[in-house]
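Analysis of the macromolecular model
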Amino acid sequence: MVALSKSIFKAYDIRGIIGHTLDAGVARSIGHAFGMAAAAKGERSVVIGRDGRLSGPELIAALAQGLQAAGMDVIDLGVVATPMVYYGTQVLDTRSGIMVTGSHNPPDYNGFKMVLKGEAIHGESITALYNAIEAGLLPAATPGKYGTHDIRAQYLERIIGDVKLARPIKIAVDCGNGVAGAFAGDLYRGMGCEVVELFCEVDGTFPNHHPDPAHPENLQDLIQALRQTDAEIGLAFDGDGDRLGIVTKDGQIIYPDRQMMLFAEDVLSRNPGAQILYDVKCTRHLAPYIEQAGGRALMYKTGHSLVKAKLKETGAPLGGEMSGHIFFKDRWYGFDDGLYAGARMLEILTKHADPSALLNALPKSDSTPELHLQLQEGENFALMAKLTADAKFPGNERIVDIDGLRVEYADGFGLARSSNTTPVIVMRFEAESPAALARIQGQFRDVILAAKPDEGYVSLVRLNPMVRNILPWGLRRWRKNLRSKEVRNEVGEFFTRLREVQYDYVFDTQGLLKTGVIMGAARGKHKIGLANGSEGSGYEGISRIFHTKSIPLHPRTHAVARGRLVVAAALGLNVDYPADFGLPEVAADTPRPQWMGDAPYAVFFHGTARDAKKWAPANWIELGKALAPMPVLLPWGSEKEKAEAEGLAAAIPNARVLPKLSMADAVMLARRADLAVGVDTGLTHIAAAFSRPVVEIYADSPRWKTEGNWSPRIINLGDKGAPPGVAEVLAAARSLL
């Protein structure tokens, strides 16, 4: 049983890692505490629902038990999108509800979004639940009842009855295997759309891509679907369906602050002069657009619960956040609903013959995504206080301090604010030119380094627009003194943070992220960015490429995908995002280097700096003889590997040691192989990246290595137990030939 941890009680919700900080026991206590709070406000029942995560059934059952213990009747909606629970609090016999969801977080996360007596609770109200549990939970004299309710038809009919399309339209919808997939297709078909569905099967492992439309790499499948079909527009949803992403026919991503322009214009046509809320991260073009449409723009703090509260206070008919939460009070109930927002957008777009042209014409500037400066617990607030007191920003026109520092210039803005949920400083930049963007970023970099000189890693990445979360760890130093108790404690603290904080990037200083434990701890949670290489990795050149490119990778990225990036950089290919490389095949008439020869060949990638990864020389020799008369080419990267290759070639009649190869030639070798057999090494992964027939040998059995997406023509052996024998490798090789 997991001990209760205050760390899961966040500013806007409760969120933890299954088996580490969250389990059924914790869920039961949270239900009981919430039930007591609901009873204190005169509530008699609570509506609940869950998303498609594997931990959902156990958590929601325990949650219901806790609510009943507090005397609350439970109305269980089953598997629903988060806005459907919110909807339930509007139309059923209760104003309180709890959604069991991990939203867009990795598969082993889960949590609770809560509405208490019509209010989305946050801050002290959430902390009060923790305090109530710590103080001791008192059972009600009479336990509550449990019942189920199917709200699907009522919810869909409510939207279909409200939103009317001007003409039929064909759309593509990507739900990323999140729970919105159970409803999106039927909703939009019910409105009169033809729908191309992508990953609408609800699967809590998220096998295709992460369900978070805020990041471009998660929209590449949708972009490709729009290219390959006659769908006019693409909609994408996060894991629990309360956020919307939009992609145009030509692959442009329309971020939520630009979506808000069209939504505001539409809402103001019925509510002239009304206030429109938006958060401090939104584009500087939004306020003028609202004002030109006859509205009053009100910039406010970030946080969906805070925006909902402000919406209620001001009576504003519309509010929105850069994160993708859109709140319609006009014709709707004021809660964030990605499915409904998608319907309202289609209503607007179908009034135009070319929806993509309308969207692409919306004002935009050069900008960055969110950049996250990771700090120790509490340091984010201290750093922001120091910046607020001391920082100087020459040339600014005004500084907005309602939520951090948003510094406005004539040609752009920079933002630094403290996250309310994790110990990070969130930054975002926008400008009218790349030069202006660099200037504004440079000012923020300078004031941060002046306020906290030890954050030198900020200088390292130069606030690169591709970098969102920065993990301030030089991993190389761990190798210096792992016997030290102090260092072991430091490493332990790092892993705790790695598990509990959703980093977007882990910067490795040991080459191609060789450290398996790092990848194992990060898998399923984080995009892995390689910013620097280390001496002795054998791939310093490759690592330097990553350092200069700072290319982001998809969550659960296997080394094969990293190989794709290496290939793309080595061959000078243009890479927008790793999900859409389009790596070209080698033309049949492309001349081969003389060292390669003209015959089909197998290549043995036998060389590795780690003894634990090596496959015995006798095995390579036996395999090479069995593949005769197929030529076997033996590359090498160091003098030690060259000596090993010469030993193998002396015993394998059809083998040949290659000359020292450049990086581009090594890529070409892997790219044209008719069969590649290799240990867990970069060139093996590069061959797989080109969908060459590959048998990969895991002599050290790192089981996590096989998680992720790679070529269907790669066979991994030894990943589930002991290193494979020659017969097993030979059988795999012959099956690929």
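The coordinates are above.
I will try to describe carefully the structure that is included in this document.

Bringing the overall build of the protein into the picture now. Across its full length, the protein holds 24 helices and 29 strands. For the protein, the residues scored as buried account for 60% of the 737 residues in total. In the protein, once contacts between residues fewer than 6 apart in sequence are set aside, the share between residues at least 24 apart is 67%. Surface summary for the protein: the accessible area is close to 27,800 Å², and the carbon and sulfur share equals 51%.

What follows concerns the sheet that holds strand 26 (residues 655-657). Taken together, six strands build an open sheet; the order of strands is 26-25-24-27-28-29 and the sheet is parallel. If you trace the sheet from one side to the other, it starts and ends with strand 26 and strand 29 (714-717), each paired once. Neighbour-to-neighbour, the strand axes of this sheet turn through a mean angle of 20°, independent of strand direction. Bridge analysis of strand 27 (residues 675-679) against strand 28 (residues 694-697) gives four bridges, and the strand direction is parallel. If you follow Val 677 over to strand 28, its bridge partner there is Val 695. Sheet contacts for helix 21 (residues 639-651): strand 25 (632-634) and strand 26; angle to strand 26, the most-contacted strand, approximately 155°.

What follows deals with the side chain of Ser 103. Inspection of the secondary structure assignment puts Ser 103 in the loop between strand 4 (97-100) and strand 5 (109-116). Classification of Ser 103 as buried rests on a relative accessible area of 9%. Setting aside its immediate chain neighbours within four residues, Ser 103 contacts Asp 51, Arg 53, Lys 113, Asp 238, Gly 239 and Asp 240.

Counting buried residues along strand 5, eight of its eight residues qualify, which places the element largely inside the surrounding structure. The alternating pattern of strand 5 places Tyr 109, Gly 111, Lys 113 and Val 115 and Asn 110, Phe 112, Met 114 and Leu 116 on opposite faces, both of which are buried. Judged from the four bridges that link them, strand 1 (residues 14-17) and strand 5 form a sheet pairing that is antiparallel. Pairing of Arg 15 across the sheet is with Gly 111, part of strand 5. Pairing of strand 4 with strand 5, which is carried by four bridges, proceeds in the antiparallel orientation. Residue pairing for strand 5: Val 100 is matched across the bridge by Phe 112. With two bridges joining them, strand 5 and strand 6 (residues 119-120) adopt antiparallel strand pairing. Across the sheet, the residue bridging to Val 115 is Ala 120, located in strand 6. Two successive antiparallel strands, strand 5 and strand 6, enclose a turn made up of two residues, where Lys 117 displays a positive phi of approximately 50°.

The next subject is the packing of helix 3 (residues 82-91) against helix 5 (residues 152-162). Interaxial distance between helix 3 and helix 5 falls to 11 Å at its minimum, and their mutual angle equals 90°. By the angle between their directions, the pair helix 3 and helix 5 is classed as roughly perpendicular. Across the interface between the two elements, Pro 83, Met 84, Tyr 87 and Val 91 from helix 3 touch Arg 152, Gln 154, Tyr 155 and Arg 158 from helix 5. The class makeup of the residues in the contact of helix 3 with helix 5 is five nonpolar, one polar and two charged.

What follows deals with the pairing of strand 27. Among the five residues in strand 27, five count as buried, and that is most of the element. Relative to strand 27, strand 24 (residues 602-605) runs parallel, the two sharing four bridges. Its bridge partner being in strand 27, Phe 605 is matched across the sheet by Gly 678.

Taking 1.5 Å of rise per residue, 13 residues should cover 18 Å, and helix 21 covers 19 Å from first to last C-alpha, within 8% of that figure. Looking at helix 21, one finds that the buried residues are Glu 641, Ala 645 and Leu 648. Here the buried residues of helix 21 occupy an arc of 60° about the axis, which is enough to place them on one side. What points out from helix 21, more than 90 degrees from its buried face, is the exposed set Glu 639, Lys 640 and Ala 650. Tucked inside the fold, the buried residues of helix 21 contact helix 20 (617-626), strand 25 and strand 26.

On to the packing of aromatic side chains. Centre-to-centre distance and the angle between the planes together describe a pair of aromatic rings. With the rule as written, the count across this model stands at 17 aromatic pairs. Taking the centre distance of 6.2 Å and the plane angle of 10° together, the rings of Tyr 87 and Trp 332 count as stacked. Here the residue Tyr 87 occupies a position in helix 3, and Trp 332 occupies one in the loop between strand 16 (326-328) and helix 11 (338-349), the gap between them amounting to 245 residues. One exposure class covers both Tyr 87 and Trp 332, and it is buried. The ring of Phe 413 has Arg 406 lying over it, and the distance from NZ or CZ to the ring centre is 3.8 Å. Arg 439 extends its terminal NZ or CZ atom over the ring of Tyr 409, reaching a point 5.6 Å from the ring centre.

Pairing is mixed in the open sheet, where four strands are placed in the order 14-13-15-16. Each having just a single partner strand, strand 14 (296-300) and strand 16 make up the two edges of the open sheet. In this sheet, neighbouring strand axes are inclined to one another by 15° on average, regardless of whether the strands run parallel or antiparallel. Packing against the sheet, helix 10 (residues 304-314) makes contact with strand 13 (275-279), strand 14, strand 15 (318-320) and strand 16, and its axis sits at approximately 165° to strand 13.

Rules behind the numbers
- Residues numbered from 1 in each chain as written.
- Predicted model: local features only at pLDDT ≥ 70, side-chain atom pairs only at ≥ 80, totals over all residues.
- Heavy atoms only, no water.
- Helix = DSSP H or I, 4+ residues; strand = E, 2+ residues; numbered from the N terminus.
- Buried < 20%, exposed > 50% of the residue type's maximum accessible area, 1.4 Å probe, protein only.
- Contact = heavy atoms within 4.5 Å.
- Areas by Shrake-Rupley, 256 points an atom, 1.4 Å probe, with all protein chains shown as cover.
- Pairing = 2+ DSSP bridges.
- Axes fitted to C-alpha atoms, helices over the stretch in contact; angles between N-to-C directions.
- Parallel < 35°, antiparallel > 145°, perpendicular 65-115°, else oblique.
- Nonpolar A, V, L, I, M, F, W, Y, C, P; charged D, E, K, R; others polar.
- Expected span 1.5 Å × (residues − 1).
- Arc of directions from axis to C-beta.
- Phe/Tyr/Trp six-rings, centres within 6.5 Å; stacked < 30°, edge-to-face > 60°.
- Lys NZ or Arg CZ within 6 Å of the ring centre and 35° of its normal.

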